Amino acid sequence: ILSHCIPGKYWMELQLKTMSRKKETTFSDYVIRIRPFHYLHLLDTNSNVVKVVCGPQKLTCLDHEKVILGPEKMVIVPPRHYVVVNNPVVMQPTENGEKQPLFDENNQVVLKHGDQEIRYSQDPFPLYPGEVLDGNIRAIQLVFPNQALRIEAQRDLVDYSGEKRRAGDQWLFIGPNTYHPVSGEIVLDTVRAIIMDESNGLKLRARYDCLDYEDIERKAGEEWIVRYEGAYLPKVHEEVVEVITPEILEHDLAIHVRASQTFIDEFDQERKAGSEWLVTREDTESFIPNVHETIISRVKINILNSKQYCVIRDPYDPDSGKNLLGTNMLVKGPKSFFLHPGIFNTGISNP
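Reading the values: the criteria
- Residues numbered from 1 in each chain as written.
- Predicted model: local features only at pLDDT ≥ 70, side-chain atom pairs only at ≥ 80, totals over all residues.
- Heavy atoms only, no water.
- Salt bridge = Lys/Arg side-chain N within 4 Å of Asp/Glu carboxyl O.
- Helix = DSSP H or I, 4+ residues; strand = E, 2+ residues; numbered from the N terminus.
- Buried < 20%, exposed > 50% of the residue type's maximum accessible area, 1.4 Å probe, protein only.
- Pairing = 2+ DSSP bridges.
- Axes fitted to C-alpha atoms, helices over the stretch in contact; angles between N-to-C directions.
- Polar contact = N/O pair within 3.5 Å; in protein donor to acceptor, adjacent residues only side chain to side chain.
- Contact = heavy atoms within 4.5 Å.

*Asks:* Which parts of the structure should I look at to understand the pattern of salt bridges?
*Replies:* Two side chains carrying opposite charge are able to pair once their charged atoms lie near each other. Going through the model one piece at a time under the given rule, you end up with 18 salt bridges. For Arg205, the salt bridge goes to Glu239, with nearest N and O atoms at 3.7 Å. Separated by 34 residues along the polypeptide, Arg205 in strand β20 (residues 201-206) and Glu239 in strand β25 (residues 238-244) bring together distant segments of the chain. Residue classification places Arg205 among the partly exposed residues on the basis of a relative accessible area of 26%.

*Asks:* I keep staring at the sheet that holds strand β5 (residues 65-73) and nothing clicks. Help me out?
*Replies:* Backbone-to-backbone hydrogen bonds pair the strands of a sheet. The strands run either parallel or antiparallel. Strand order in the open sheet formed by three strands is β3-β2-β5, and the pairing between neighbours is antiparallel. In the strand order of this sheet, the two ends are held by β3 (49-54) and β5, each with one partner. The average undirected angle you get between the axes of adjacent strands in this sheet is 20 degrees. Pairing of strand β2 (residues 38-44) with β3, which is carried by six bridges, proceeds in the antiparallel orientation. Its bridge partner being in β3, His41 is matched across the sheet by Val52.

*Asks:* Help me understand the side chain of Asp159 in this model?
*Replies:* Looking at where Asp159 falls in the secondary structure, it is placed in the loop between β14 (157-158) and β15 (164-165). The exposure class of Asp159 is buried, given its relative accessible area of 9%. A distance of 2.8 Å separates the side chain of Asp159 from the backbone nitrogen of Glu163, its partner in a polar contact. A polar contact of 3.2 Å, which involves the side chain of Asp159, links it to the side chain of Arg165. Residue contacts for Asp159: discarding those within four places in its chain leaves Arg165, Trp171, Val182 and Glu185.

See the structure below:
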């Protein structure tokens with residue numbers, strides 16, 4: 001409609017001005033100003049290769065080039081922080097000692113697909129095509145005193161201290177210290193020291209064959225008691241079962257104990273499986289049962305005055321540590337005594 005209203009020569013000038021504006025607009029779209037610490041991904045549509053262009057610079061795109069990402073801000077890792085990168089690029093050293101990305105025959109960066117890389121504080125860096133951040137930037141973990149991290153290797157690796165680890169190995173990272181994670185290892189849990197005094201006991205179980213803190217061999221699943229004063233930090237192969245509170249023995253109270261298997265108790269006495277005995281205050285003021293000891297009952301003392309007596313069947317012989325089966329023993333007061341396991345009292349009688 002407008003072409004019929006505007007004279008021919010003016011119509012041609014209007015068309016030329018419009019085309020000129022389109023060309024200027026199109027050209028300005030292909031000029032990109034990349035600010036400092038920014039980058040973009042530029043696709044070459046002829047070779048289908050993506051390259052990284054970092055700022056600051058003014059980029060003029062050619063007809064066969066296309067921006068597919070960015071400009072984006074570079075990754076900045078502050079001090080005492082780290083970031084995990086999935087599918088990291090392979091870096092190779094140069095003659096001056098620096099590292100640069102490795103390119104294949106198509107001039108495309110080579111990636112370690114399916115792998116991860118942990119990067120600590122460094123100069124701002126771009127992400128190459130295929131690299132992806134695994135989560136946000138994280139603070140380095142602090143391990144406080146009387147604590148440790150139980151770590152497991154998911155593959156053969158060299159940890160941050162330079163020690164070689166095999167896949168499946170577990171170890172403790174003991175504080176106070178700063179933990180720097182390495183790709184291929186995971187933190188299973190945090191182990192905390194248990195504050196103990198000389199009267200308490202700690203029951204432990206071995207996760208696998210190992211040596212305890214006294215260099216005694218332990219088999220997987222074996223349990224034992226640790227008597228320790230201070231802060232005890234369980235080793236990587238030790239599992240805490242429970243903290244045992246001791247039995248306080250009085251002059252008129254004893255503990256009736258049975259052995260579940262043959263062993264040597266804390267008094268250096270050999271106990272046969274199934275044997276029973278008493279632990280009194282004469283033996284110890286506080287009693288912590290061994291893993292092979294079972295407390296049957298608490299036994300009260302028997303007291304005879306000067307006018308009483310009793311007859312005991314199968315009395316206990318302290319010299320042999322056994323009961324004298326088939327015999328009787330007369331006990332006259334005044335006297336106080338415990339009835340050992342297997343002893344029968346016919347009752348206290350008055351004359």
